[in-house]
Amino acid sequence: MTLYQWPKLVDHFTPVALTGIKEWQPGQLYLLGDSVAIEQKFYFIKRLGFSKPDSHFGKYQWEEFTHPAIGYELPMYHEDEASKTIDGVDSNFDGVRDDYEVFVVMKHTDPVLRMLGFKAGKIYQLLLNLASMDISEVSIEDAALLTDYLVAMRVCVRQKIRSQESFIGYQHKYLNTTERFEAYYSAQNMLYELLGDEYEPKVSDMPCQQVTSVEGELG
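**Q** Give me the lowdown on helix H7 (residues 178–195), citing residues and values where you can.
**A** Compared with an ideal rise of 1.5 Å per residue, which puts 18 residues at 26 Å, H7 spans 26 Å between its outermost C-alpha atoms and is within 8% of the ideal. Where the residues of H7 are buried, they touch helix H2 (79–82), helix H3 (98–107), helix H4 (111–131), helix H5 (140–163) and helix H6 (171–174). Taken from the residues just after H7, Gly196 is the one with a positive phi, measuring 75°.

What follows is the structure, given as C-alpha cells:
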C-alpha cells in the first residue's frame, strides 16, 4: 500500500503518493496530485502545467512538502485491530507490527535510530513470543541470548538518550497495551527462572551494534 498526504486544493482533496517520487522532467504535463523531486526537495502540483517547481511561475503551480515517510512503503492499519491481540497485525509480513512500524518511521528520520527501532521491535517481539511458550520449550542458550539482547538494547537506548535530543526510546510504543505489558514481565520472569541469579549478560563495548545483529526466532 502507498501512504498518502492529503493537501487541500480548492474544495476537494487529492492524494500525493510518497513512494516512487520521480525527478521533475521539463516539457512534461503534470496533473493535479502529481508529486516530483528536484534538487532534493519535494513538490506536489496544485495547478496542472509545465512549470519548473522552483521557478517564478512554478510557485503558483507547485507546493513544496516534506514527510518522514517519503520513499518508505508504510503499512495501513486500523488502531482497533492493531491492539486486539498481543501480536497485533503485521500486514506486510516484515516482522514488525504495523502500528509500531509507523511509529518508528514517522518519529525517526535518522537512519540509525530507525534501524535500531526496527531491531528493538524484533527483540521485544521475541520476548512477547516467549510469554506464550512453555518453559520446557526454551533452551538455556536461547534464554541467555535473548537476555543479552535485552540488556544491550537498554544500554544502547541510554546512550542514545544522552546524545540525541528528544529521543526517549522505543519500548513504550511496543508495549502499548495492558496485555503486552503483562506478557513482557511474564517473559522476563521466565528468563529469570531459566538463568537464575548467577547469569551475567554479555554486552559488548558497542551495544547498539550488538542490537542490530538480532534476527530469527526462539527455538
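**Q** Explain the pairing of strand S6 (residues 35–38) residue by residue, including any values.
**A** It is a general feature of regular strands that their side chains alternate between the two faces of the sheet. Residues Ser35 and Ala37 of S6 are buried on one face, and the alternating residues Val36 and Ile38, pointing to the opposite face, are buried as well. With two bridges connecting them, strand S5 (residues 22–23) and S6 associate as parallel partners. Bridge pairing in S6 links Lys22 to Val36. Across four bridges, S6 lies against strand S7 (residues 41–45) in antiparallel orientation. Of the residues in S7, the one forming a bridge with Ala37 is Phe42.

**Q** Give a description of the sheet that holds S7 that names residues and reports values.
**A** Each strand in a sheet pairs with another by means of backbone hydrogen bonds, the pair being arranged parallel or else antiparallel. Reading across from one edge, S5-S6-S7-S8 is the order of the four strands in this open sheet, with mixed pairing throughout. Here the strands that pair on one side only, and so sit at the sheet edges, are S5 and strand S8 (62–65).

Calculation notes
- Residues numbered from 1 in each chain as written.
- Predicted model: local features only at pLDDT ≥ 70, side-chain atom pairs only at ≥ 80, totals over all residues.
- Heavy atoms only, no water.
- Helix = DSSP H or I, 4+ residues; strand = E, 2+ residues; numbered from the N terminus.
- Expected span 1.5 Å × (residues − 1).
- Contact = heavy atoms within 4.5 Å.
- Buried < 20%, exposed > 50% of the residue type's maximum accessible area, 1.4 Å probe, protein only.
- Pairing = 2+ DSSP bridges.

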